[in-house]
2 protein chains.
Amino acid sequence: MVHYPNGKADIPGFTPANKRPNKKYTAHRGMNLEEDINISNKYYLDHDKAVIHKKPTPVQIVKVDYPKRSAAKIVEAYYRTPSTTDYNGLYKGKYIDFEAKETKVMQFPFKNISDHQIKHLDKCVRHGGIAFVIIAFTSINEAWLVDAAYMVDMYRHHDKRFLSYDEIKDNGHLIPQGYAPRLKYLDVIDDVYLREE
Amino acid sequence: MVHYPNGKADIPGFTPANKRPNKKYTAHRGMNLEEDINISNKYYLDHDKAVIHKKPTPVQIVKVDYPKRSAAKIVEAYYRTPSTTDYNGLYKGKYIDFEAKETKVMQFPFKNISDHQIKHLDKCVRHGGIAFVIIAFTSINEAWLVDAAYMVDMYRHHDKRFLSYDEIKDNGHLIPQGYAPRLKYLDVIDDVYLREE
């Protein structure tokens, strides 16, 4: 795996996701972080390694129709701001909690994560859970696990507006990729959080 | 707290929830399990005792309008069957997972819980989490914590179609009620699962 520490976005041979003509059927398509995590979670679940799910998108339901002989139809609803993270679950008896974020540029801007989510991650750490953020640099097809304690500290106390790629590289953990699971993030959890076991 | 082990629904002085004229403003209203748990979770969260949230209702979003100068409006969506339970989170370093069910009759019919949810609860137990079902008998204003291992076993292996009130009383744990939190289910978790700590 090649690292591009200089923030260069125009990598030779790389086509941005939105310019690929037929993304769905391209064999070597770029990273879709949410999909990759969902598929990995399904693999982990099916192989009885962990019980980690994506939470449903929070929706404020305003109006529902009940047509005869068919399912209730929601006809007015709005997206709500999530008050927690996207993923949580259970691995080797431990509570796991994380947020997943893609970035096209070679840094992670703090505006990509909400105050609510930072507060939630902080709570998870303080109550003894394993909490982190997975940050994917889509332009170079890398996903990094960044511990929540570090993320919360940087977000809160350093007058910073982003984490640079180098900071993430120095303080995070590269997630190995493969066929199944696509993102082997439980391996990183073993290394980083459960080494003594 | 008075127990009515004989399944009698017409308790003297009791008015069913759907016949109360002004439920919202009645001081001694009956139990609304979901609301009671949500308020209790907020109390636990605000007092930094636990990090337990209700998952959003899963919705299949089909069509979204993007009106100018206002929020995206979902105009066609459908309820999806939940593949997990309604609540999970973190307490004293432990993964907590549960489903909450109301029943108006003095038994808990197994048709009130899905195969998916039983499978999920079983996984949570096997992976070292604390998992249970909270069953509320709304007619007598009692909520019981029933351990997931017992629930899964009864659901799967005994050719049974329901748990009787007596079975729940003998194998479950009555959840103390109060003003704040309304349902003190963490106290029961302390007693049942974390006694040595």
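Everything discussed here concerns the structure shown above.
In this report, the structure presented in the accompanying data block is examined. Keep in mind it's a predicted model, so treat the numbers as computed, not measured. (Residues numbered from 1 in each chain as written. Chains lettered and ligands numbered in written order. Predicted model: local features only at pLDDT ≥ 70, side-chain atom pairs only at ≥ 80, totals over all residues. Heavy atoms only, no water.)

1. Considering the relation of the copies chain A and chain B
Thinking step 1. Between chain A and chain B, which share one sequence, the superposing operator has a rotation angle of 180° and an axial displacement of 0.0 Å; the RMSD is 0.0 Å. One copy is carried onto the other by what is essentially a two-fold rotation axis.
Thinking step 2. Interface overlap between copies is the fraction of interface residues in one copy that are interface residues in the other; for chain A against chain B it reaches 100%, indicating a shared surface. (Least-squares fit on C-alpha atoms with pLDDT ≥ 70 in both. Contact = heavy atoms within 4.5 Å.)

2. So, the packing of aromatic side chains
Thinking step 1. Taken as a whole and assessed by the stated rule, the structure comprises 23 aromatic pairs over all chains.
Thinking step 2. Considering the side-chain rings of Tyr95(A) and Tyr95(B), the 5.9 Å spacing of their centres and the 25° angle between planes classify their relative orientation as stacked. Of this pair, Tyr95(A) sits in strand 5 (residues 94-103) while Tyr95(B) is found in strand 5 (residues 94-103), placing the two residues in two different chains.
Thinking step 3. In this structure Tyr95(A) comes out as buried when scored by relative accessible area, which is 1%.
Thinking step 4. Considering the side-chain rings of Trp144(B) and Tyr165(B), the 6.2 Å spacing of their centres and the 90° angle between planes classify their relative orientation as edge-to-face. Separated by 21 residues along the polypeptide, Trp144(B) in strand 8 (residues 142-147) and Tyr165(B) in helix 4 (residues 165-171) bring together distant segments of the chain.
Thinking step 5. The rings of Tyr43(A), Tyr44(A), Tyr87(A), Phe98(A), Phe132(A), Tyr185(A) and Tyr193(A) are connected pair by pair, giving a single aromatic cluster. (Phe/Tyr/Trp six-rings, centres within 6.5 Å; stacked < 30°, edge-to-face > 60°. Helix = DSSP H or I, 4+ residues; strand = E, 2+ residues; numbered from the N terminus. Buried < 20%, exposed > 50% of the residue type's maximum accessible area, 1.4 Å probe, protein only.)

3. What to know about the environment of Tyr155(A)
Residues and elements named next belong to chain A.
Thinking step 1. Relative to the helices and strands, Tyr155 is located in helix 3 (residues 148-157).
Thinking step 2. Sequence separation of Tyr155 and Lys111 is 44 residues, and the distance between their C-alpha atoms is 9.8 Å.
Thinking step 3. Residues in contact with Tyr155, not counting those within four places in the same chain, are Phe110, Ile113, Ser114, Asp115 and Ile118.

4. Comments concerning the interface of chain A and chain B
Thinking step 1. Every contact between the two is made by 35 residues of chain A and, on the other side, 35 residues of chain B.
Thinking step 2. Interface area for chain A against chain B, summed over the two sides, is near 3,100 Å², with a carbon-plus-sulfur share of 63%.
Thinking step 3. Between Arg126(B) and Asp48(A) there is a salt bridge, and its shortest N-O distance comes to 2.7 Å.
Thinking step 4. Between the two partners, chain A and chain B, sit 13 residue pairs in polar contact (both at pLDDT 80 or more).
Thinking step 5. Those elements that place two or more of their residues in the side of chain A that touches chain B are strand 1 (51-54), strand 2 (59-65), strand 3 (73-79), strand 4 (87-91) and helix 2 (115-126) of chain A.
Thinking step 6. Broken down by element, the side of chain A that touches chain B gets its largest block of residues, seven residues, from strand 3 of chain A.
Thinking step 7. For the side of chain A that touches chain B, the per-class residue count stands at 17 nonpolar, 10 polar and eight charged.
Thinking step 8. Two strands pair when backbone bridges link them, and strand 3 of chain A and strand 3 (residues 73-79) of chain B are joined in this way by four bridges, in the antiparallel orientation. Looking at the pairing, Ala77(A) lines up with Ile74(B) of strand 3 of chain B. (Buried area = accessible area lost by both parts, 1.4 Å probe. Salt bridge = Lys/Arg side-chain N within 4 Å of Asp/Glu carboxyl O. Polar contact = N/O pair within 3.5 Å; in protein donor to acceptor, adjacent residues only side chain to side chain. Nonpolar A, V, L, I, M, F, W, Y, C, P; charged D, E, K, R; others polar. Pairing = 2+ DSSP bridges.)

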